[in-house]
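Listed here are the chains, written in short residue letters.
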Amino acid sequence: MKPSANVEGEQTAVHFDAVTKRFDDVVALNAVTLGVGRSEFVTLLGPSGCGKTTLLKLAAGFLGPDGGSISIEGKRMNDIPTYQRGIGMMFQNYALFPHMSVAENVAYGLKTRRVPRVERDKRVADALALVKLKGMENRKPRQLSGGQQQRVALARALVINPTVLLLDEPFSALDKSLRTSMQVELREIQRKLGLTTIFVTHDQGEALSMSDRVAVMSEGRIRQLGRPVDVYRSPADPFVASFVGDNNRLRGQLVSMQAKQAIVALGDALVKVSGESLSGLEKSAAVDLFVRPEQFSVVAPEEPCAIKGSVVAQIYQGGHVDLQIECAGERLLVRSPGEQAVLRWPMGAPVGIGIQADRCSAFPAA
Ligand SMILES: Nc1ncnc2c1ncn2[C@@H]1O[C@H](COP(=O)(O)OP(=O)(O)OP(=O)(O)O)[C@@H](O)[C@H]1O
Ligand SMILES: [Mg+2]
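Residues numbered from 1 in each chain as written. Chains lettered and ligands numbered in written order. Predicted model: local features only at pLDDT ≥ 70, side-chain atom pairs only at ≥ 80, totals over all residues. Heavy atoms only, no water.

## Regarding the packing of helix α2 (residues 102–112) against helix α4 (residues 146–158)
Put simply, α2 and α4 touch, their axes get as near as 7 Å, and they point 30 degrees apart. If you check the angle between α2 and α4, you find them roughly parallel. In this structure, α2 meets α4 at a crossing whose hand is right-handed. Contact residues: Val102, Asn105 and Val106 in α2; Val152, Ala155 and Arg156 in α4. (Axes fitted to C-alpha atoms, helices over the stretch in contact; angles between N-to-C directions. Helix = DSSP H or I, 4+ residues; strand = E, 2+ residues; numbered from the N terminus. Parallel < 35°, antiparallel > 145°, perpendicular 65-115°, else oblique. Left-handed = near helix turned anticlockwise from the far one by under 90°. Contact = heavy atoms within 4.5 Å.)

Quick look at the structure:
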């Protein structure tokens, strides 16, 4: 990958160029190249141990790279200490100082930077207003809810007017509804300030809903970098297809290949997929077809081309119903909008499954 391949060179705020990091014999990051645009919100998404925190720590200067370079606003950072990088941070365990009040916690970074008292007070008040904690200045962290503590940590990161905001799973300890409202609020604040942000999560829903672009990582590498819609609709490889969103993997057979489009047979059904990921395959080759649960529909079993199966589980989700349907020994996940599916296709019912034939992805069989 070329440096800055995905953002305009002069607009790049943070640039990782072929960054490698090893811990003894573990390669935590393997030649990672990533450009984050100014004011952009980029999320690092990947399973535990893939190197997300390590990449953030390298940006912050808590760790140094074994190879490659990191620059912020065009300036090489490899040998610049953390406090000179203009970084605001919020980590997985956002340890507030328990003996300090909310205001003192937020003021801490300004004190260490020797910002004069009057300016400090004003900036602390502004930061607390931004995260909606006005009136709580004198409380201690133990007198706050989890969500409020999270806001203090965010205010503490924002108060230094950072060039870049680094957030490592900041909401993982919060319950679902609080997490959703904090996600929305963070995004509003980030947009308002135009703050370049790198956000880490292993929650794909969080990544898809919040980001301008998502970098999907696995084993120290970026597997795909793209807008949420691209990563979801056009995964670059089977790992991304399986990791981002729910997906069904089915074995199909390549029928034909034209310039850009390939046709894959799945039983009697024919499915159109992009040809790029199958290029070089011979006709009749086995392929792995990935079909999202919402691309399936339940139909009568005698419909032409339907995959035949029977309902083995119903998972009521409020706005939709997830059906597990067993077909030739394999379970497929089928998403049915609304709630009629619960009554219409009861447990054990024989059903057919139809496929929306132009929205799937396919790769050579593993
Ligand atoms: N200080 C360290 N010493 C040795 N190995 C480390 C150290 N820090 C991280 N690693 C290893 O480097 C790899 C990447 O770790 P990292 O913390 O970046 O993962 P992560 O993607 O943030 O995972 P999680 O989602 O669990 O937080 C892992 O294999 C981890 O065990
Ligand atoms: Mg981590």
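## A closer look at the pairing of strand β14 (residues 286–291)
Counting buried positions along β14 gives 5 out of 6 residues, so the element sits mostly inside the fold. The pairing of strand β11 (residues 248–257) with β14 spans 6 bridges and is antiparallel. In the strand pairing of β14, glutamine 253 is matched with alanine 286. Relative to strand β20 (residues 361–364), β14 runs antiparallel, the two being bridged by 4 bridges. Looking at β20, one finds that valine 287 is bridged to proline 364. (Buried < 20%, exposed > 50% of the residue type's maximum accessible area, 1.4 Å probe, protein only. Pairing = 2+ DSSP bridges.)

## Some points on the pattern of salt bridges
Per the stated rule, a full pass over the model turns up 16 salt bridges. Across the pair arginine 223 and aspartate 237 runs a salt bridge whose closest N-O atoms are separated by 2.9 Å. Placement of the pair is arginine 223 in strand β10 (residues 221–226) and aspartate 237 in the loop between α7 (228–233) and α8 (238–243), with a sequence separation of 14 residues. The salt bridge involving aspartate 230 is made with arginine 227; its shortest N-O contact spans 3.0 Å. One connected set of salt bridges, linked through shared partners, spans Asp246, Asp322 and Arg335. (Salt bridge = Lys/Arg side-chain N within 4 Å of Asp/Glu carboxyl O.)

## As for unusual backbone geometry
Phi angles above zero are rare outside glycine, and alanine 31 is one such case at about 50 degrees. For alanine 31, the location among the structural elements is in strand β2 (residues 26–37). The class for alanine 31 is partly exposed, based on a relative accessible area of 42%. Despite not being glycine, asparagine 161 has its phi angle at roughly 50 degrees, a positive value.

All we've got here are geometric facts, nothing functional implied.
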